[in-house]
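Observations on the model geometry
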Amino acid sequence: MNYAHAAGFPPVYDENSVVLILGSFPSVKSRETAFYYGHKQNRFWRTVCEFFGEDVPATVAGKREFLLRRNIALWDVIIECDIIGSSDASIRNEVVADIPSVLEGGKIRAVLCNGSKSFSLFSERFPQYLPVAKKLSSTSPANPRFSSEEWREALLNLFPRA
């Protein structure tokens, strides 16, 4: 396979966001749908929406609205790179996102990294934020070790139930 140069998406966040969920880079399916976690088998939307007792929104606009209403910021560590398909392991010539622009000056108090690649890149490039970061199992359909319980506990720490 050949490398393709690809670009990611802008962040979703506002002044009320309390958590930043960081992926590594959008998959081919996500790039086709022009929004985060576009592969139907990716567990991200089901996991997060289920935590809040909501159905997964059917549209990109609905997903964006859900995130903002629930005070969740969403972005990827890499905003541009050369990649083979959806393989994180193949990423090269990456351009890293300006994560501090989202973290500083707002209400974000935690960073949840969706998978090992996201966490390793974040750790390497932004070590000053490691005290508020947590690595979670990747929601990718390629990850056989995904833990919805791990995600539920991380979200529960940020959004305690009354």
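Residues numbered from 1 in each chain as written. Predicted model: local features only at pLDDT ≥ 70, side-chain atom pairs only at ≥ 80, totals over all residues. Heavy atoms only, no water.

1. A short note on the overall build of the protein
When you go through the protein residue by residue, the secondary structure sums to six helices and seven strands. Starting at the N terminus and walking to the C terminus, you meet the elements of the protein as β-β-α-α-α-β-β-β-α-β-α-β-α. Based on the C-alpha atoms only, the size of the protein along its principal axes is roughly 50 × 35 × 30 Å. Classification of the 162 residues of the protein by burial places 46% in the buried group. Here the protein has roughly 8,200 Å² of accessible surface; of this, 50% comes from carbon and sulfur atoms. In the protein, 19 side chains carry a positive charge and 18 a negative one; their mean positions are 5 Å apart. (Helix = DSSP H or I, 4+ residues; strand = E, 2+ residues; numbered from the N terminus. Buried < 20%, exposed > 50% of the residue type's maximum accessible area, 1.4 Å probe, protein only. Areas by Shrake-Rupley, 256 points an atom, 1.4 Å probe, with all protein chains shown as cover. Lys, Arg positive; Asp, Glu negative; His and termini not counted. Charge placed at Lys NZ, Arg CZ, Asp CG, Glu CD.)

2. Focus on the packing of aromatic side chains
The final tally for this structure, using the stated rule, is eleven aromatic pairs. Taken together, a centroid distance of 5.3 Å and an interplanar angle of 75 degrees make the contact between phenylalanine 35 and tyrosine 36 edge-to-face. Of the residues examined, phenylalanine 35 reaches a relative accessible area of 3% and is grouped as buried. Ring centres 6.1 Å apart and planes at 85 degrees place the aromatic pair phenylalanine 44 and tryptophan 151 in the edge-to-face group. Here the residue phenylalanine 44 occupies a position in helix H2 (residues 44-51), and tryptophan 151 occupies one in helix H6 (residues 148-158), the gap between them amounting to 107 residues. In terms of burial, phenylalanine 44 and tryptophan 151 fall into one category: buried. One aromatic cluster is present, formed by Phe9, Phe35, Tyr36, Tyr37, Phe44, Trp45, Phe51, Phe52, Phe66, Trp151 and Phe159 through successive ring pairs. Directly above the aromatic system of tyrosine 3 lies the positively charged group of arginine 92, at a separation of 3.6 Å from the ring centroid. (Phe/Tyr/Trp six-rings, centres within 6.5 Å; stacked < 30°, edge-to-face > 60°. Lys NZ or Arg CZ within 6 Å of the ring centre and 35° of its normal.)

3. Points about the sheet that holds strand E3 (residues 72-76)
Reading across the sheet, the four strands line up as E3-E2-E6-E7 and stay open at both edges, with parallel pairing between neighbours. For this open sheet the edge positions go to E3 and strand E7 (133-136), each flanked by a neighbour on one side alone. Adjacent strand axes in the sheet meet at a mean angle of 25 degrees, parallel and antiparallel pairs treated alike. Judged from the four bridges that link them, strand E6 (residues 110-114) and E7 form a sheet pairing that is parallel. Across the sheet, the residue bridging to asparagine 114 is leucine 136, located in E7. (Pairing = 2+ DSSP bridges. Axes fitted to C-alpha atoms, helices over the stretch in contact; angles between N-to-C directions.)

4. Observations concerning the pattern of salt bridges
All told, the structure shown has seven salt bridges when counted by the stated rule. Of the charged contacts in the structure, one is a salt bridge between glutamate 54 and arginine 70, with a shortest N-O distance of 2.7 Å. You can see glutamate 54 sitting in the loop between H2 and helix H3 (60-69) and its partner arginine 70 sitting in the loop between H3 and E3, a full 16 residues away along the chain. Ionic pairing is found between arginine 152 and glutamate 149, a salt bridge with its closest N-O pair at 3.1 Å. Of this pair, arginine 152 and glutamate 149 both sit in helix H6, three residues apart, which is roughly one turn of that helix. In this structure, a network of salt bridges that share partners links the residues Glu54, Glu65, Arg69 and Arg70. (Salt bridge = Lys/Arg side-chain N within 4 Å of Asp/Glu carboxyl O.)

5. Comments concerning the sheet that holds strand E1 (residues 4-7)
Strand order in the open sheet made by the three strands is E1-E4-E5, with antiparallel pairing throughout. Edge positions in the open sheet fall to E1 and strand E5 (92-96), since each of these has one partner strand only. Each neighbouring strand pair of the sheet contributes to a mean axis angle of 10 degrees, computed without reference to strand direction. Pairing geometry for E1 and strand E4 (residues 78-83), over four bridges, is antiparallel. Residue alanine 7 lies in a different strand from E4, and its bridge partner there is glutamate 80.

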